[in-house]
Amino acid sequence: MSGSNDPQISRRNFLTGAIVAVGAFIGTVVGIPALGTIISPVVKPMEKAAAKWFALGAVKSFKIGEPQAKEVKVVRQIGWRKQITTEKMFILTDDGKNFIAMSDVCTHLGCHVIWEPDKQEFFCPCHYGYYDKYGKNIAGPPPRPLDRYKVKVDKGQLFVYVEG
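Note that the coordinates shown come from a computational prediction; the quantities given were computed from them, not determined experimentally. (Residues numbered from 1 in each chain as written. Predicted model: local features only at pLDDT ≥ 70, side-chain atom pairs only at ≥ 80, totals over all residues. Heavy atoms only, no water.)

### A look at unusual backbone geometry
Inference 1: Phi is positive for Q120, which is not a glycine, with a value near 55°.
Inference 2: The backbone phi angle of K155 is positive, close to 55°, even though this residue is not glycine.
Inference 3: Mapped onto the elements of the fold, K155 is located in the loop between β9 (148-154) and β10 (157-161).
Inference 4: Look at K155 and you get exposed, because its relative accessible area is 79%. (Helix = DSSP H or I, 4+ residues; strand = E, 2+ residues; numbered from the N terminus. Buried < 20%, exposed > 50% of the residue type's maximum accessible area, 1.4 Å probe, protein only.)

Right, dumping it as structure tokens:
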């Protein structure tokens, strides 16, 4: 009955091997999609905002020679969450045809600047930084002018380009 070339597997070893194989199969079937869900936001590049050009209004609605505050809401996909941010800016035109859009964020430490119409300059209340009406740093600690956005005029409407 028992031959010298006939290896015998005990019932205990067979059941242990079968349980390990079934466990490994179930772990693989469940684990790979779960791992993919956890790691995919890190591996896949951050998605940019769907729209990049935002309408700010009719060109005729902007006052000549005085910056006006505007804001746009930008939806950004960061990993698996969506983040809605408000980009605030000041729009200036001297002739109603050419426009500049400046960030309201001070280049010193990121505080928000305030337009002071009586002095015709921007003021940063955090560390007393001053900018002229074109956003050029003129006093205080700001190391450079206010950041600018790209602008375009299309069919009488002003648009601003905001990075995603």
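### Re the pattern of salt bridges
Inference 1: Evaluated as defined, the whole model comprises four salt bridges.
Inference 2: In this structure, D94 and K133 form a salt bridge, with 3.8 Å as the shortest nitrogen-oxygen distance. Placement of the pair is D94 in the loop between β3 (81-93) and β4 (99-103) and K133 in the loop between β7 (129-132) and β8 (137-139), with a sequence separation of 39 residues.
Inference 3: On the accessibility criterion, K133 (18% relative accessible area) is buried.
Inference 4: As a salt-bridge pair, D147 and R144 come within 2.4 Å of each other at their nearest N and O atoms. (Salt bridge = Lys/Arg side-chain N within 4 Å of Asp/Glu carboxyl O.)

### Quick notes on the packing of aromatic side chains
Inference 1: Taken as a whole, this structure holds six aromatic pairs when the rule is applied.
Inference 2: One cation-aromatic arrangement involves K150 over Y161; the distance from NZ or CZ to the ring centre is 5.0 Å.
Inference 3: Over the aromatic face of W53 sits the side chain of K152, whose NZ or CZ is 4.5 Å from the ring centroid. (Phe/Tyr/Trp six-rings, centres within 6.5 Å; stacked < 30°, edge-to-face > 60°. Lys NZ or Arg CZ within 6 Å of the ring centre and 35° of its normal.)

### Comments concerning the side chain of E121
Inference 1: Tracing the sequence through the fold places E121 in strand β6 (residues 121-124).
Inference 2: Put simply, E121 is tucked away with no salt bridge, and the nearest opposite charge, on K119, sits 5.0 Å away.
Inference 3: Apart from the residues within four sequence positions on either side, E121 is in contact with I114, W115, E116, Y130, Y131, D132 and I138. (Lys, Arg positive; Asp, Glu negative; His and termini not counted. Contact = heavy atoms within 4.5 Å.)

### Section: the state of the cysteines
Think of a disulfide as a covalent bridge from one cysteine sulfur atom to another cysteine sulfur atom.
Inference 1: Applying the stated criterion across every chain yields a total of one disulfide.
Inference 2: Here C111 is linked by a disulfide to C126, with a sulfur-sulfur distance of 2.1 Å. Note on the C111 and C126 pair: the S-S dihedral is about -110°, so by sign convention the disulfide is left-handed. Note that C111 is positioned in the loop between β4 and β5 (114-116) and C126 in the loop between β6 and β7, a separation of 15 residues in sequence.
Inference 3: Left without a disulfide partner, C106 is nearest to the cysteine sulfur of C124, which lies 3.7 Å away. (Disulfide = S-S within 2.5 Å.)

### Description of the sheet that holds β5
Inference 1: The strand order across the open sheet formed by four strands is β5-β6-β7-β8, and the pairing between neighbours is antiparallel. Looking at which strands have only one partner, the edges of the open sheet turn out to be β5 and β8. Across the sheet, the mean angle from the axis of one strand to that of its neighbour is 35°, orientation sign disregarded.
Inference 2: Strand direction decides the pairing type here: β5 and β6, joined by three bridges, are antiparallel. Paired with W115 across the two strands is F122, which belongs to β6. (Pairing = 2+ DSSP bridges. Axes fitted to C-alpha atoms, helices over the stretch in contact; angles between N-to-C directions.)

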